[in-house]
Amino acid sequence: MIEFSYGTDKGLVRPINEDNVIITRLSCGDIVFMVLDGMGGHLKGEKASNMAKDIVLENLVNKNGFKSLFGC
């Protein structure tokens, strides 16, 4: 059994958290951990990290299949 956790914080300056963390198990059993930085200070950094998350997950599904363990 593997235990894991993560933490993320919007920081002291940003009004929202722009980051994403995804933990996914592929159909082959491998676990993928993704940390997607929101590019703090750039316009719409939260959208950039969400787009990156969606693109990576879509490609994982199409290539390997996956079972989502946790996502935000």
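Computed from a predicted structure; not experimentally measured.

(A) Structural view of the nonpolar core. Counting six residues, the largest nonpolar core is built from Ile22, Leu26, Met34, Leu36, Leu57 and Leu60. Of all the secondary-structure elements, those providing two or more residues to this core are strand 1 (20–26), strand 2 (31–36) and helix 1 (45–63).

(B) Region of interest: the pairing of strand 1. Buried residues dominate strand 1, accounting for six of its seven residues. When strand 1 meets strand 2, the two strands line up antiparallel, connected through six bridges. For Arg25, the partnering residue across the bridge sits in strand 2 and is Ile31. The antiparallel hairpin formed by strand 1 and strand 2 contains four residues in its connecting segment, where Gly29 sits at a positive phi of about 105°.

(C) Looking closely at a nonpolar patch on the surface. A grouping of Ile2, Phe4 and Phe33 is seen on the molecular surface, where their side chains present a nonpolar patch of about 320 Å² in accessible area. Topologically, Phe33 is positioned in strand 2.

(D) Just helix 1, in detail. Here helix 1 is 19 residues long and its end C-alpha atoms lie 27 Å apart, about the 27 Å a rise of 1.5 Å per residue gives. Residues of helix 1 that are buried include every one of Gly45, Glu46, Ser49, Lys53, Leu57 and Leu60, and no others. Along helix 1, the residues classed as buried sweep out an arc of 105° about the axis, all on the same side. What points out from helix 1, more than 90 degrees from its buried face, is the exposed set Met51, Glu58, Asn62 and Lys63.

(E) Here's a closer look at the confidence of the model for the protein. Per-residue confidence for the protein averages 75 on the pLDDT scale, and 83% of its residues sit at or above 70. Here strand 3 (residues 66–71) stands out as the least confident element of the protein, with mean pLDDT 50; strand 2 is the most confident, with 84.

(F) View of the pattern of salt bridges. For the coordinates displayed, the defined rule picks out one salt bridge. Where Lys53 meets Asp54, a salt bridge forms, and the shortest distance between an N and an O atom there is 3.9 Å. According to the relative accessible area criterion, Asp54 is partly exposed, its value standing at 45%.

The rules we used
Residues numbered from 1 in each chain as written. Predicted model: local features only at pLDDT ≥ 70, side-chain atom pairs only at ≥ 80, totals over all residues. Heavy atoms only, no water. Core = buried A, V, L, I, M, F, W, Y, C linked by side-chain atoms within 4.5 Å. Buried < 20%, exposed > 50% of the residue type's maximum accessible area, 1.4 Å probe, protein only. Helix = DSSP H or I, 4+ residues; strand = E, 2+ residues; numbered from the N terminus. Pairing = 2+ DSSP bridges. Patch = residues over 30% accessible without salt bridge, like charges linked within 9 Å, V, L, I, M, F, W, Y side chains within 5 Å. Areas by Shrake-Rupley, 256 points an atom, 1.4 Å probe, with all protein chains shown as cover. Salt bridge = Lys/Arg side-chain N within 4 Å of Asp/Glu carboxyl O. Expected span 1.5 Å × (residues − 1). Arc of directions from axis to C-beta. pLDDT = per-residue confidence, 0-100.

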